[in-house]
Amino acid sequence: METLKLTIAVTGLNAVDSPGPGVGVIRSLRDCKDFDVRIIGLSYEALEPGLYMHDIVDKSYQIPYPSAGSAQLKSRLEYIHEKEKLDAIIPTFDAELANFIKLAPTLKSWGIATFIANMEELTALDKMHLFVFGEKHGFKVPKTKFISSIAQIEDLEDEFDFPMVVKGKYYEAYIAHNKGQIESYFHKLNAKWGLPVVIQEFIKGTEIVITCLADGTQLIGAIPLRKLYITDKGKGWSGVVLEDDALIEMAKKFAKDSKWKGGFELELMRSEDDELYIMEVNPRFPAWIYTAAAAGQNHPAALIKIALGQKVKPFKNYEAGKMFVRYSWDLITDISEFQQITTTGEL
Amino acid sequence: MLLKKNIAVSSSGFIFNPSTGDSYTVNQIASEILELLKENKSIDEVKREILKNYEVDEKSLNEDLNDFLGHLRQLRLAEDGNA
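Note that the coordinates shown come from a computational prediction; the quantities given were computed from them, not determined experimentally. (Residues numbered from 1 in each chain as written. Chains lettered and ligands numbered in written order. Predicted model: local features only at pLDDT ≥ 70, side-chain atom pairs only at ≥ 80, totals over all residues. Heavy atoms only, no water.)

Before going further, it helps to examine the overall build of chain B. For chain B, the count of helices and strands is 3 helices and 5 strands. Its helices and strands in sequence order give chain B the pattern β-β-β-β-α-α-α-β, from N to C terminus. Expected size for 83 residues packed as a compact globule is a radius of gyration near 12 Å; at 12 Å, chain B falls within 12% of this value. Taken over 83 residues, chain B has a buried fraction of 33%. A separation threshold of at least 6 residues defines the contact pool for chain B, and within that pool the share at least 24 residues apart is 52%. In the structure as shown, chain B presents an accessible area of about 5,100 Å², 46% of it carried by carbon and sulfur atoms. (Helix = DSSP H or I, 4+ residues; strand = E, 2+ residues; numbered from the N terminus. Rg over C-alpha atoms; globule rule 2.2 N^0.38 Å. Buried < 20%, exposed > 50% of the residue type's maximum accessible area, 1.4 Å probe, protein only. Contact = heavy atoms within 4.5 Å. Areas by Shrake-Rupley, 256 points an atom, 1.4 Å probe, with all protein chains shown as cover.)

Written as C-alpha cells, this is what we have:
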C-alpha cells in the first residue's frame, strides 16, 4: 500500500513536568506506516521543548494565545498554511479548542482537515455540566456544586460530608477536611481561575484513565490505564495498560451518548464497592497517548484517517500490560535557535 | 479455588493483575502453587505436590497454604470455584 504524504500541524509541544499531548501525538503519527508525515509544531511559548526536538517536529510556528481569540489565530494559520500547505491540524489543548471549533469551517474551506466536536458537545462535558450529563445518561458523577461566595460554604455541610474536593473552574483540586480549609482553597482558586469554585463529593478509590477516540456515532478505540506513579502536580509519570471489559463498555456508552468527535480522556475513580465514577472528561488526547499506539491502537493516526474522510473500523484488541515510564532529559540546543523562535516566531 | 483467568504469573514469581494494574512478587514455593492453580489443579492436588517436593509436615502446610489462599482472595487474584 502506498504511503500518504501529509503535512500535519500539532499543538501541545510543552513536554514539561505537566506535559501537553503534542509530542505523544506526533510520535504516534510518525509510527503509522500508512503515512509519510511532515510535522508542523504550533507553540505558544519559546521554551516548549517540542520546538527543539527536530526529529519529532520538522518546522515550528508560534501561534497567538487562546485568549487573543479566533480572528488572530485565523490570520496566523492563514500565513502558516500559505507556507506549509497543511493537510490537517490536531489541536491538543483544552483552552484552544473553542477557537479551533469556530475556525473549523474556514479551515475546511482552505483544505485543512480537523476532526473535533462542536461547542454544544464540548460544553456538555465540562466541569460545570458533567454532573447533569451523567444524570441524563446514567453515569455516576460525584455530586457537584458551584459556589461564588464565602457565605455559601456554611450550607455545604447539609449536602456534603467531609472531606470535600474543592476545584478550580479550569484546573487544580484540593481535598478539604474542614470549613477553614474550604475557605482558604476558595480564595486561592478564585484568585487563580475565577468564579465559580467547584465543590465535589470525595470518592475514595483507585484512579483509572481511559484514552478514547470516537467518530460522532461510536467508539473507535479505547485504552484504559492505571497510573502507577503520580507527581505532586497530579500528573501520571508512569502507568500500565489494563484489561477490563467494564471500562471498555463504559467508554462505548459514553462515546455514543456524548456523540463525541475526536480524542478524549475519561478520568475515573473505581470506588471500594467497585462502582465507576466519572471524575472529569478531558476533551482531547492525554499526554500519555503514545502508550495507546504502543498497545496496538494508534488513535492519532486513526483520527487523521477519519478527518480525511477514510472509513475507519473500530479497534478490536490491544495489549494489556504495556507500560510507560516518563523521564526528563536535558536537550542541548543553542541560543541561536532560541533567538530564532523568539524574534521570528518560527523555527 | 480458581486463579482468575487473566492473572499473569511468571516463573520468577512476578504476578500481574491486568484488571487493576497491581503487581506482586512471591517466593519460589508460592510461585509453584500459583502455577499449579493456573493448571486448574485442586487444592488437594496442590498439597500433594508440595508434600512430595518439600520437607514439610501436613499441619504446617495446611496453615501456610490457607493463609496464602486467603491473601489471594483478599487481593482479588483468585475466587472460589471448582477446580
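It is worth spelling out the sheet that holds strand β11 (residues 236-241) of chain A at this point. All names here are of chain A. The antiparallel open sheet is built from 6 strands, whose spatial order is β13-β12-β9-β10-β11-β14. Sheet topology places β13 (276-282) and β14 (323-325) at the edges, where each strand pairs with a single neighbour. Going across the sheet, the axis of each strand differs from the next one's by a mean of 30 degrees, ignoring polarity. Helix α10 (residues 299-307) contacts β9 (205-215), β10 (219-230) and β12 (261-271) of the sheet and is inclined by roughly 25 degrees relative to β9. (Pairing = 2+ DSSP bridges. Axes fitted to C-alpha atoms, helices over the stretch in contact; angles between N-to-C directions.)

On to the domain arrangement of chain A, then. Its domain assignment divides chain A into domain 1 (4-116 + 330-344), domain 2 (121-126 + 204-325) and domain 3 (143-201). Domain 1 of chain A and domain 3 of chain A are separated by 36 Å when their C-alpha centres are compared. (Domains from an automatic or database assignment.)

Structurally, the α-helix is built with 3.6 residues per turn, so residues lying three or four positions apart point the same way. All names here are of chain B. Within the span of helix α1 (residues 28-38), buried status applies to Ala 30, Ser 31, Ile 33, Leu 34, Leu 36 and Leu 37. In this structure, the buried residues of α1 make contact with β1 (2-3), β2 (8-9), β3 (14-17), α2 (43-53) and α3 (58-74). Where α1 terminates, the next one or two residues include Asn 40, which has phi positive at roughly 65 degrees.

A word on the interface of chain B and chain A. Between chain B and chain A, the contact holds 8 residues from the first and 12 residues from the second. Buried area between chain B and chain A, both sides added, is near 650 Å², and the carbon and sulfur share of it is 41%. Contact with chain A buries area across many residues of chain B, yet Phe 16, Pro 18 and Ser 19 of chain B alone supply 48% of it, more than any other trio. There are 1 salt bridge connecting chain B and chain A. Asp 22 of chain B is the salt-bridge partner of Arg 226 of chain A, the closest N and O atoms lying 2.8 Å from each other. Each residue belonging to the side of chain B that touches chain A can be placed in one class, and the counts come to 2 nonpolar, 4 polar and 2 charged. (Buried area = accessible area lost by both parts, 1.4 Å probe. Salt bridge = Lys/Arg side-chain N within 4 Å of Asp/Glu carboxyl O. Nonpolar A, V, L, I, M, F, W, Y, C, P; charged D, E, K, R; others polar.)

Residue and element names in this part refer to chain A. Inspection of the secondary structure puts Ile 210 in strand β9. Placed 40 residues apart in sequence, Ile 210 and Met 250 show a C-alpha to C-alpha distance of 9.8 Å. Beyond its immediate chain neighbours, meaning those up to four positions away, Ile 210 contacts Ala 222, Ile 223, Pro 224, Leu 247, Ala 251, Phe 264, Glu 265, Leu 266, Leu 268 and Trp 288.

Once that is clear, we can look at the pattern of salt bridges. Residue and element names in this part refer to chain A. Enumeration over the complete set of coordinates arrives at 22 salt bridges over all chains. In this structure, Glu 84 and Arg 38 form a salt bridge, with 3.0 Å as the shortest nitrogen-oxygen distance. Note that Glu 84 is positioned in helix α2 (residues 70-84) and Arg 38 in strand β2 (residues 35-43), a separation of 46 residues in sequence. When the shortest N-O distance is used, the salt bridge between Arg 270 and Asp 244 registers 2.9 Å. Of this pair, Arg 270 sits in strand β12 while Asp 244 sits in the loop between β11 and α8 (245-258), and the two are 26 residues apart along the sequence. Residue Asp 244 is classed as buried on the basis of its relative accessible area, which comes to 12%.

Residues and elements named next belong to chain B. Relative to the assigned elements, Lys 47 resides in helix α2. One buried charged residue, Lys 47, remains without a salt bridge, the closest side chain of opposite sign being Asp 44 at 4.3 Å. Only 3.0 Å separates the side chain of Lys 47 from the side chain of Asn 62, close enough to count as a polar contact. (Lys, Arg positive; Asp, Glu negative; His and termini not counted. Polar contact = N/O pair within 3.5 Å; in protein donor to acceptor, adjacent residues only side chain to side chain.)

Okay, the pairing of β12 of chain A next. For a regular strand, side-chain orientation follows a simple rule: the groups alternate between the two sheet faces. Residue and element names in this part refer to chain A. With 9 of 11 residues buried, β12 lies mostly within the body of the structure. Here β9 runs beside β12; their pairing, made up of 11 bridges, is antiparallel. The partner of Cys 212 across the bridge, within β12, is Phe 264. Connecting the antiparallel pair β12 and β13 is a turn made up of 4 residues, with Asp 274 showing a positive phi of about 70 degrees.

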